[in-house]
Amino acid sequence: MTETPRLPGRTRHAGRRLAALLGGFAVLAVSVSIAISVGAVQVPLATVWGVFLNKLVPGLVDATWSQGREAIVWDIRFPRALLAMMVGAGLAMVGASLQAVTRNPLADPHLLGISSGGAFGAILALLHTGLFIGLLTVPLLAFLGALMATLVVLGVARFAEASSADRLVLAGVAVSFIIMSAANVLIFLGDPRATHTVVFWMLGGLGLAQWSQLAYPLVILVLCGAWLMSRASSLNAMTVGDETASTLGIAVARFRLLVFVVGALITGVMVAFSGIIGFVGLMVPHVVRMLVGGDYLRVLPGSALVGAILLLWADIAARTVMAPEDIPIGIVTGLIGGVFFVWLLGRRRPQ
Amino acid sequence: MNSARLTVTDLSWSPRRGGERLLHATSFTLAAGRVLGIVGPNGAGKTTLLRLLYRFHRPETGTVAIDGEDIWRLSARAVARRVAAVLQEHPSDFSLTVAEVVALGRTPHRRGFAGTDGARDRQIIHQVLGQLGLKGLAHRHIGTLSGGERQRVMVARALAQEPGLLILDEPTNHLDIRHQLETLNLIRTLPLTIVTSLHDLNLASGICDDVLLLQGGKPQGFGPPGQVLSEAAVSRAFRVDARRETLAPSGAAHLTYHLSDAGQNP
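Small disclaimer: the values here were computed from a predicted structure and weren't measured.

A. Highlighting the interface of chain A and chain B. The partner chain B presents 40 residues to the 37 residues of chain A that form the contact. Buried area between chain A and chain B, both sides added, is near 3,200 Å², and the carbon and sulfur share of it is 63%. Linking chain A with chain B are two salt bridges, by the criterion used here. A salt bridge links Glu100(B) to Arg298(A); its shortest N-O distance comes to 2.8 Å. Secondary structure elements with two or more residues in the side of chain A that touches chain B: α1 (10-37), α3 (67-101), α8 (215-230), α9 (232-238), α10 (242-247) and α13 (296-320) of chain A. Considering each element in turn, the side of chain A that touches chain B owes the most residues, five residues, to α10(A).

Structural data, given as structure tokens:
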């Protein structure tokens, strides 16, 4: 046999996937444009694109808009939209990866207490320790908090011998409660003048996004995302079972721990910049699996894309529902995610 | 695929170092291409022994060698290229297709960036899908298959590893009679060294070249089934009265079992 055999339907599938990818990017571009255009001050889409193109290539488009409009688009809404995309993409990829290594379709950085740990670390930095190493203090302590919570959850799961899917989630919820109450103690003990800001941030706020800070989440997202992608086939193997994965040459315990640490890194940094935004990691991978199947080589980039789009729209909703007030985005994702969770439980009912 | 020689020397294991042993010193040599059945009552240590063979447990004493090489002196990936296992784990909630599950078998052979499936990978996946009659199911989600089909997928995945030794854990469990016979027939015809745990002694006698009888973590005999599965040995290991009878038209030997203490206990 000289010709390489093709699996049936391979080209058709490849074509469909390419179409899905291009379609996804188109939806993303439209979503970003709308997210930047709507708000307390409506900005026409043409202006959004005009400002963007002029920043890429100065003088490309004649500036028909005011300085004020340009400031709103470029200094406030662009960084906010970019942060929303990064947070959505990051949390969705973490959710997808944790679901594989725990073999648990309910795994999510929020449900497993990782987000709470991140919030604890961030609150500690904001209200108590001060920014002792500058801007990096909050993300660093958030990461350490998220890592600590991760290790506690894994420890509790082992202590309670909660290896089954549903019991691991219970262990995560239990740890999450404990850490959140500790975080609330930190808020209670903190400077009352600062607590309002902290509570608002904790409920999920992208409003603090600034160009100068976007580099941190971007670097983490790109590095960790690339690492997860490079482990896509190991993640696939983990969905079959620990022992089978180990017979495929994967050091199961070490790999699972690494994925949890990388998950804590992404989650911690995202929490530091945007507060607790729950359920994105739970919802998005399920939607993506329905669209592109279960292979992690497609689930991971698909989750990043859909997560980014979802969070842009959640942010649009958060800014328009009670305009001109912003409601915290965590309220929006919590509402959508809670309903999704109920639907998922119904679907997973034992036959 | 070249079938491998399996040498087990003085192998033992306990969950905690120095704790109670679930497997006591076991030694045997399985020549290349032979089929070994591991039999014994529940809790005899069958699964423990299999886990030691596929490098999931690290031996407390002794060694497992493939073609003379200690599997713990090789990397996990190197062992995965020579030993494959079909276990009672199945993916279900993650929407992988049959072709994707079978492709997992190529994992230990891949180099560099994950998922670069070369022409050779594709050819092997194509070939094992055909060998196990799974071509029509290649793009079905694994969760939508019947138990027998899923079992075939997991065997295909193991064969895609191109192992010299294939380990199966109770391959006939939860299968109906036809699928049991098909699975056993497949085992019989694969040109590999095979180790399989089996509940049914008559099935084991039918397809195995050698059997290893375990009881309470201790080996009770190793050799051809007719020799090892004597009435006395089976009666002792399973605490029953075993009788070797002859089936009427075929003249094949067949073990039957009776409770030895029946009538004595209320």
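From this point, the narrative continues.
B. Main features of the packing of aromatic side chains. Residue and element names in this part refer to chain A. With the rule as written, the count across this model stands at nine aromatic pairs over all chains. Here Phe52 and Phe78 contribute two aromatic rings whose centre-to-centre distance is 5.5 Å and whose plane-to-plane angle is 20°, an arrangement assigned as stacked. With Phe52 in helix α2 (residues 45-56) and Phe78 in helix α3, the pair connects residues that are 26 residues apart, well separated along the chain. With a centroid separation of 6.3 Å and 40° between ring planes, the pair formed by Trp227 and Phe255 is classed as tilted. Linking Trp227 in helix α8 with Phe255 in helix α11 (residues 252-274), this pair joins segments that are 28 residues apart in sequence. Within the aromatic cluster, the residues linked to one another by ring pairs are Trp49, Phe52, Trp74, Phe78 and Trp211.

C. Highlighting the sheet that holds strand β1 (residues 6-13) of chain B. All names here are of chain B. Read from one edge to the other, the open sheet built from four strands follows the order β2-β1-β4-β5, with strand pairing classed as antiparallel. Single-partner strands in this sheet number two, and they are β2 (23-30) and β5 (69-70). Strand direction decides the pairing type here: β1 and strand β4 (residues 61-66), joined by five bridges, are antiparallel. Looking at the pairing, Val8 lines up with Val64 of β4. Seen against the sheet, helix α1 (residues 46-53) touches β1, β2 and β4 and runs at an angle of roughly 120° to β1.

D. Broad picture of the pattern of salt bridges. This model, assessed by the stated rule, comprises 17 salt bridges over all chains. The partner of Lys55(A) in a salt bridge is Glu70(A), with the nearest N and O atoms 3.6 Å apart. Taken together, the residues Lys55(A) in helix α2 and Glu70(A) in helix α3 connect sequence positions 15 residues apart. For Lys55(A), a relative accessible area of 37% corresponds to the partly exposed category. Among the salt bridges present, the one from Asp121(B) reaches Arg106(B), with a minimum N-O distance of 2.9 Å.

The rules we used
Sequence order sets the numbering: in each chain, residues are counted from 1 along the sequence as written. All chains are assigned letters beginning at A, and all ligands numbers beginning at 1, according to the order in which they are written. Only residues with pLDDT of 70 or above have their local features reported here, since the model is predicted, and side-chain atom pairs are shown and tallied only from 80 upward, although totals for entire chains, interfaces and linings are computed over all residues. Note that the side-chain values use all heavy atoms of the structure and ignore hydrogens as well as water. Any two residues having at least one pair of non-hydrogen atoms within 4.5 Å are treated as being in contact. Accessible surface is computed with a 1.4 Å probe, and the buried area is the amount of it that two parts give up when combined, taken over both parts together. Definition used for salt bridges: Asp or Glu carboxyl oxygen within 4 Å of a side-chain nitrogen of Lys or Arg. Only DSSP runs of H or I reaching four residues or more are called helices, and only runs of E reaching two or more are called strands; each is numbered from the N terminus. Stacked, edge-to-face and tilted labels apply to pairs of Phe, Tyr and Trp rings (six-membered ring for Trp) whose centres lie within 6.5 Å, assigned for plane angles under 30 degrees, over 60, and everything in between, in that order. The criterion for strand pairing is that DSSP finds at least two bridges linking the strands in question. Axis angles are defined between N-to-C directions and span 0 to 180 degrees, where every axis is a line fitted to C-alpha atoms and, for a helix, only to the segment in contact. Working definition: with a 1.4 Å probe on protein chains only, accessible area under 20% of the residue-type maximum means buried, over 50% means exposed, and in between means partly exposed.

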